[in-house]
Amino acid sequence: MSAETLTEPLLQATDVHKSYGRTAALDGAALTVRAGEVVAVMGPSGSGKSTLLHCLAGIVRADSGQVRYRGRDLTTMSDRERSALRRTDFGFVFQFGQLVPELTCLENVAIPLRLAGTRRRDAEARAGAWLERLEVGDVAGQRPGEVSGGQGQRVAVARALVAGPRVVFADEPTGALDSLNGERVMRLLTEAAHDTGAAVVLVTHEARVAAYSDREIVVRDGKSRDTERVS
Amino acid sequence: MSIGHTLLGLLESGPRHGYDLKRAFDERFGHDRPLAYGQVYSTMARLLKNGLVEVEGIEPGGGPERKRYAITDAGVTDVETWLARPEKPEPYLQTTLYAKVVLALLTGRPAADLLDSQRAEHLRLMRELTRRKSSGDLADQLICDHALFHLEADLRWLELTAARLDQLAAEVTR
Amino acid sequence: MSAPHEPFAGFDEVARGGAPRGVEPAGGAAAWARDLAFGARLAAGGGREGWIRTLLTAVGVGLGVALLLLAAAVPPMMTVRDHKRVARDSMSAGYLAKPTDSTLLVADAGTTFRGADITGELLRPEGAKAAAPPGVAHLPAPGHMVVSPALRRLLAAQPLLRERLPYTIDGPIGHAGLMGPAELYYYAGSDRLTARDANYEHGNADRIAGFGHHSNSAVMGPTFDLLLVVMLVVLLLPVAVFVATAVRLGGERRDRRLAALRLVGADNRMTRRIAAGEALFGSLLGLLVGGGLFFAGRQLATHVTIRGISAYPADMTPDAALAVIVAVAVPLAAVGVTMLSLRGTAIEPLGVVRQSVGRGRRVWWRLVIPAVGLLLAPLFGKVQGDGKLNMYQVATGAVLMLVGVTAVLPWVVEQVVRRLGGGPVAWQLATRRLQLNSNAAARLVSGVTVAVAGAIALQMLFAGVDDEFVFSTGADPARAQAVVSAEVDSGAQARDFTHRIAATKGVQHAYGYVDSAVTQPDAASVRDGDFAYLPVAVGDCATLGQMASLHGCAPGSVFLVPPADGAGDTQAARTYLRPGGRLDLNGPPREAYTGTPRLWTIPRDARTAQSRPDPSGSLGWGLFATPEALDTSRLTSETATVMVALDPHDPDAAEYVRNTAAKLGIGVDVLHVGTTTTKSGYAQLRRGLFAGAALTMALIGASLLVMMLEQLRDRKKLLAVLVAFGTRRGALAWSVLWQTAIPVVLGLVLACAGGLALGAALLGMVGRPFHPDWGAMAGMAAIGAGVVFAVTLLSLPPLWRLMRADGLRTE
Ligand SMILES: Nc1ncnc2c1ncn2[C@@H]1O[C@H](COP(=O)(O)OP(=O)(O)OP(=O)(O)O)[C@@H](O)[C@H]1O
Ligand SMILES: [Mg+2]
């Protein structure tokens, strides 16, 4: 695949170490994400998948190693810079409990835009369009407590994509859903990401979910192996 | 599963008579169907012809003549490539995969790598099915889903085996 | 490892604790006991989470209980202090003409050191049987003294004060003779005391039969009682609100656990009883905590002096009956509040049924409460003079008004918050949360609201009855900051005093004059005893100029100063103070004329001058003469008065003057010139109010903080997700601030309105015009707001901590 090797990696982690107290959550993990691709991160429970995702997204700072995003090293950036980066370039979907219960679904989706300074009216108009696109336009006015788990996840996906991120990080986005709903969320997520050109880093332990990826990497005992093969 | 490769793998730990090979095979892999002695004999003949094994010596005796087979360098390489090559994902693959894992453990090769590349192979197929599913009609989707669920079951088995490799290694090399 | 279904949280405990099973719903007392016990077990055995909640409740209730016990200790403490005060009282019950073997001579020797009042008495026993004051074993010998421990420490640390009280220290004054450990008190022996005569003349001391013989219970009148009642209500109501809030801590988690119980078969009534059991357990624990806090805190009382008041721990014993009431009422209130908070929430097996958001509150009954309180006020009747005050009615009215304010608060918050919108994300997060649960928000600040409303009403009442207690002195501290006065035998002695004070360190100028009085020329022949009283002031031109507007004063000048309106005997002044008129310098007699007349003629060139307030605020009148014109040795019973201008850059200047004055002799008074003076009972009351308000505010601050922290902890995951999305810390901090500030501002506005209304009603009762004290109101509102902002600040570090990525991990 000569085309791929020519593409400059969007996000590249090398030899990342991260410890919590005496637990080494990451012990030399590496990962490369290219623009527009969907990478699944797999591995047994407790192997450090979520930690890797947090390091890649600049939510936590790696103890050592490099996390380069478009030529800049996240590990040397200040908290402020990383926050700004997450605001403008990244989107997030988690397993559950990520929507602000007091806000309506529409307002929840509008948050990233409003954090970036978009006016409320415009932000909510764009949020509405994304809800339609993810087939949850009808719950726009409801609060997260009043919608189903699958609908809630699709709202969360809309929120992750609304600000036009270059990378969407998803940690077990279907973990709390049945297979039909889970696949629906995955289909919508990957289609939308493909349309907008966003890359997706997808942590999951479900093979059928990982099957929506272009490529997977396996994390074991804090070490990751990129199975991207030269074939 | 490839009996030739399995027998070759068994020879890696040292030269054996044909009869010993059958016993070793049955003990580890012939859980419900023992290997016919004739099959051992014909397989060894084929391997001999291909230069993967050699006859180390013939023991004359009262009964039929007994040949001691030893693996050649070419044979070791053959086992190597066989183990490293992921199987084409298809149903009821476990026996082959199991044999491969055990042989890898027996011969001191990294069994985890084997499992990983198998997982990659499975996922590759699953991706293909997933893609086909999203473009096909309902019948296509249902058929794909059927295959996907089976593949997923295999993959789960792979995960589980990977998690228990240490345990298995202890048992196999006992 | 994750627990997506929140309603099932706590399910394990249920399984472990063994849910009540197989029992018919209606089981009478046995069922109650069983469910209460089960609730208590849940509270005690709910794992770490459960314990934290139980402890929070216990600490909250405990703080409230401690304060209630403190309040219960106030009446006995007042009684003890009253007894002590009476027991050491050295006022004479009447004039004692003759010494006996048990009488004493006493003279007041109190002083002030850097703003701290020191009480002191000079004593001289006239016989062997003279009793010592309480807390003192033997009367100190001349030149010796006994001192309170606090004064002893002060003397040891301050040589300047020791110079003023140079007596040899014999020993301490015991507890029996002191109100509290911080009191500055001494008794010194003196052999220079002589008894005054029946005319209160020719001596420097009073003769008394012993200590505690004159019981004066300083009755302050019904207005004082009114103040006291309202003060107690104002201070205790926030405590009650606080206790009620404390037992509701962790309500949401509790509801989830109850839902899990419903799932395994508990019915609605059982869950309610179990909840009651939990609350009961927490509040019983709170009782213990409160008792412990109170008794431990009482020991600290030795070290605490709040605005000059201190007390001995042993004197702070709660009244038994009140303590029992506290012990019974608090757990009952806890159960009551729990039941109330469960009303309106249906706990279903799959969780708490979502309360529909749209349902508005009914406002009418909320308005009825304060309205009734307000209507009751005029019915109390007016308190005037010595009229008896119906305390119960006043207390009821005040309580209704204040409770009414808290009842209206949730409705107001709801109405206002519903109309809020727009603004940045932080604002949106805050307003939406308030809209969804405005109840909790209102509860958060109702304590502050009650406290502020009450305090504003009290301030108004205080300000309104001010002139009953506070006298404006009209003094002008810019011209002189101290006034020293002493009886003198001669003009020479007066001049000597002036010189010595003028020579004292820190004194910029001393205006000394001799103060006396003369009478009409024909006094010796007046029979009916009605003698003209004409004041005389003899001093140099500069000094006289401080008391009247003089033109052309020179040595030898004499001025006639007519009294200002109502300030003196206008008739006498007009009759006798004329140039060329004659006066009798041997006067004015008290009863009957004694001695021989010493007639003096007012010089023909004496001019009339206008009186002006002297630096201490008095308006003098009469004959103002320079020493060259009038020989002071011819006057009777003279007083030397020295008005002293102090060096503003020397903070101890007043202390040097007091030291000099102490050396001048017994009974030399040093008056600090201030703009107002306060009757002491009122000062104590106001100090009490401020001390109580400070405590209450601290308590409310603590409860606000606890609630804020709990709320933050509940939202840990959400905070982490918002941070992942790149939300700035500042934005979240702002949303926390808005979320507190919005209800607080509403609460304060309401508090001001309620306070004004209550204050107006109270002022109406004492017959004073409505006069809002805007400054005090702003001050109180600022204190309330300050507490809340302090709480927000304090909850920021935990907020930063919770915002870390850990929050993304599901528990
Ligand atoms: N904040 C933390 N404090 C302490 N230990 C942590 C923390 N975060 C992660 N760990 C530890 O690091 C290791 C990796 O955790 P991580 O959450 O990355 O695993 P994971 O692969 O996402 O597991 P799962 O599939 O169960 O979500 C675990 O052993 C975990 O206990
Ligand atoms: Mg994880």
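Residues numbered from 1 in each chain as written. Chains lettered and ligands numbered in written order. Predicted model: local features only at pLDDT ≥ 70, side-chain atom pairs only at ≥ 80, totals over all residues. Heavy atoms only, no water.

An unreviewed UniProt entry annotates chain C as FtsX-like permease family protein originating from Actinacidiphila rubida. Chain C has a UniProt comment under Subcellular location (unreviewed entry) that states "Cell membrane". (UniProt positions renumbered as here; feature names shortened; annotations may be inferred.)

If you check an unreviewed UniProt entry, chain B appears there as DNA-binding transcriptional regulator, PadR family from Actinacidiphila rubida.

Engineer: So, helix α7 (residues 179-196) of chain A: which residues are in play, and what are the values?
Structural biologist: All names here are of chain A. Here α7 is 18 residues long and its end C-alpha atoms lie 25 Å apart, about the 26 Å a rise of 1.5 Å per residue gives. Looking only at α7, the buried set comprises G182, E183, V185, M186, L188, L189, T190, A192 and A193. With its phi angle positive at about 80°, G197 sits one or two positions after the end of α7. (Helix = DSSP H or I, 4+ residues; strand = E, 2+ residues; numbered from the N terminus. Expected span 1.5 Å × (residues − 1). Buried < 20%, exposed > 50% of the residue type's maximum accessible area, 1.4 Å probe, protein only.)

Engineer: Describe unusual backbone geometry, with residues and values.
Structural biologist: All names here are of chain A. Positive phi, normally seen in glycine, also occurs at E135, with a value near 65°. Positionally, E135 belongs in the loop between α5 (120-133) and α6 (149-161). The class for E135 is partly exposed, based on a relative accessible area of 36%. Even without glycine at this site, D221 takes up a positive phi of about 50°.

Engineer: Can you tell me about the site of ligand 1, naming the residues and giving the values?
Structural biologist: If you check the shell around ligand 1, you find 15 residues, and the closest are S45, G46, K49, S50 and T51 of chain A. Each of chains A and C places residues next to ligand 1. Between an oxygen atom of ligand 1 and a side-chain N or O atom of K49 of chain A, the distance comes to 2.6 Å. Contacts to ligand 1 include S50 of chain A, whose side-chain N or O atom sits 2.7 Å from an oxygen atom. Protein contact buries 75% of the 620 Å² of open area that ligand 1 shows by itself. Elements that contribute at least two residues to the shell around ligand 1 include exactly β2 (23-33) and α2 (49-56) of chain A. Class assignment for the residues of the shell around ligand 1 results in four nonpolar, seven polar and four charged. (Near = heavy atom within 4 Å. Polar contact = N/O pair within 3.5 Å; in protein donor to acceptor, adjacent residues only side chain to side chain. Areas by Shrake-Rupley, 256 points an atom, 1.4 Å probe, with all protein chains shown as cover. Nonpolar A, V, L, I, M, F, W, Y, C, P; charged D, E, K, R; others polar.)

Engineer: Describe the pattern of salt bridges, and please don't skip the residues or the numbers.
Structural biologist: Residue and element names in this part refer to chain C. For the coordinates displayed, the defined rule picks out 35 salt bridges over all chains. A salt bridge links E126 to R207; its shortest N-O distance comes to 2.8 Å. Taken together, the residues span a long stretch of sequence, with E126 in the loop between β3 (116-125) and β4 (144-147) and R207 in strand β7 (residues 206-208) at a distance of 81 residues. By relative accessible area, R207 is classed as buried at 11%. Among the ionic pairs, R164 bridges to E655, the shortest N-O distance being 2.6 Å. Separated by 491 residues along the polypeptide, R164 in helix α5 (residues 159-164) and E655 in helix α18 (residues 653-664) bring together distant segments of the chain. For the pair shown, R164 and E655 are each scored as buried. (Salt bridge = Lys/Arg side-chain N within 4 Å of Asp/Glu carboxyl O.)

Engineer: Describe a nonpolar patch on the surface, with residues and values.
Structural biologist: Residues and elements named next belong to chain C. Where nonpolar side chains cluster on the molecular surface, the patch consists of W364, W365, V368 and V372 and spans about 400 Å² of accessible area. Of note, V372 is situated in helix α10 (residues 364-379). By relative accessible area, which is 36% here, V372 ends up partly exposed. (Patch = residues over 30% accessible without salt bridge, like charges linked within 9 Å, V, L, I, M, F, W, Y side chains within 5 Å.)

Engineer: Give me the lowdown on the pairing of strand β1 (residues 104-108) of chain C, citing residues and values where you can.
Structural biologist: It is a general feature of regular strands that their side chains alternate between the two faces of the sheet. All names here are of chain C. Counting buried residues along β1, four of its five residues qualify, which places the element largely inside the surrounding structure. In terms of strand pairing, β1 meets β3 through five bridges, oriented antiparallel. If you follow A107 over to β3, its bridge partner there is L122. Of the pairings in the sheet, the one linking β1 to β7 comprises three bridges and is antiparallel in character. Each bridged residue has a counterpart across the sheet, and for L104 the counterpart in β7 is I208. (Pairing = 2+ DSSP bridges.)

Engineer: Got a sec to walk through empty space enclosed by the protein? Specific residues and values, please.
Structural biologist: All names here are of chain C. This model, assessed by the stated rule, comprises eight cavities of 30 Å³ or more. Here the largest cavity defines a volume of roughly 140 Å³. Lining the largest cavity, in full, are L429, Q711, L712, R715, L718, L719, L722, L732, S735, V736, Q739 and L799. Of all the elements, helix α21 (residues 729-765) adds the most residues to the lining of the largest cavity, at four residues. For the lining of the largest cavity, a count of residues per class yields eight nonpolar, three polar and one charged. (1 Å grid on protein atoms, 1.4 Å probe; cavity = no way out; pocket = protein on both sides within 12 Å on 5 of 7 lines; lining within 4 Å. Points joined across faces, edges and corners; volume = space filled by probe spheres on them.)

Engineer: A description of the interface of chain A and chain B should follow, citing residues and the corresponding values.
Structural biologist: Size of an interface, as often reported, equals the accessible area lost when the parts are brought together. Each side of the interface is counted separately: chain A has 15 residues, and chain B has 16 residues. Overall, the association of chain A and chain B removes approximately 1500 Å² of surface from exposure, summing both partners, and the carbon and sulfur fraction of that is 50%. Summed over the three residues of chain A that lose the most area to chain B, namely R208, A211 and R220 of chain A, the buried surface amounts to 33% of that side. The interface formed by chain A and chain B holds four salt bridges in total. In this structure, E152 of chain B and R208 of chain A form a salt bridge, with 2.8 Å as the shortest nitrogen-oxygen distance. At the boundary of chain A with chain B, the tally comes to five residue pairs in polar contact (both at pLDDT 80 or more). Of all elements in the fold, only α8 (207-210) and β9 (215-220) of chain A reach the threshold of two or more residues within the side of chain A that touches chain B. Of all the elements, β9 of chain A adds the most residues to the side of chain A that touches chain B, at four residues. Residue composition of the side of chain A that touches chain B, by class: six nonpolar, one polar and eight charged. (Contact = heavy atoms within 4.5 Å. Buried area = accessible area lost by both parts, 1.4 Å probe.)

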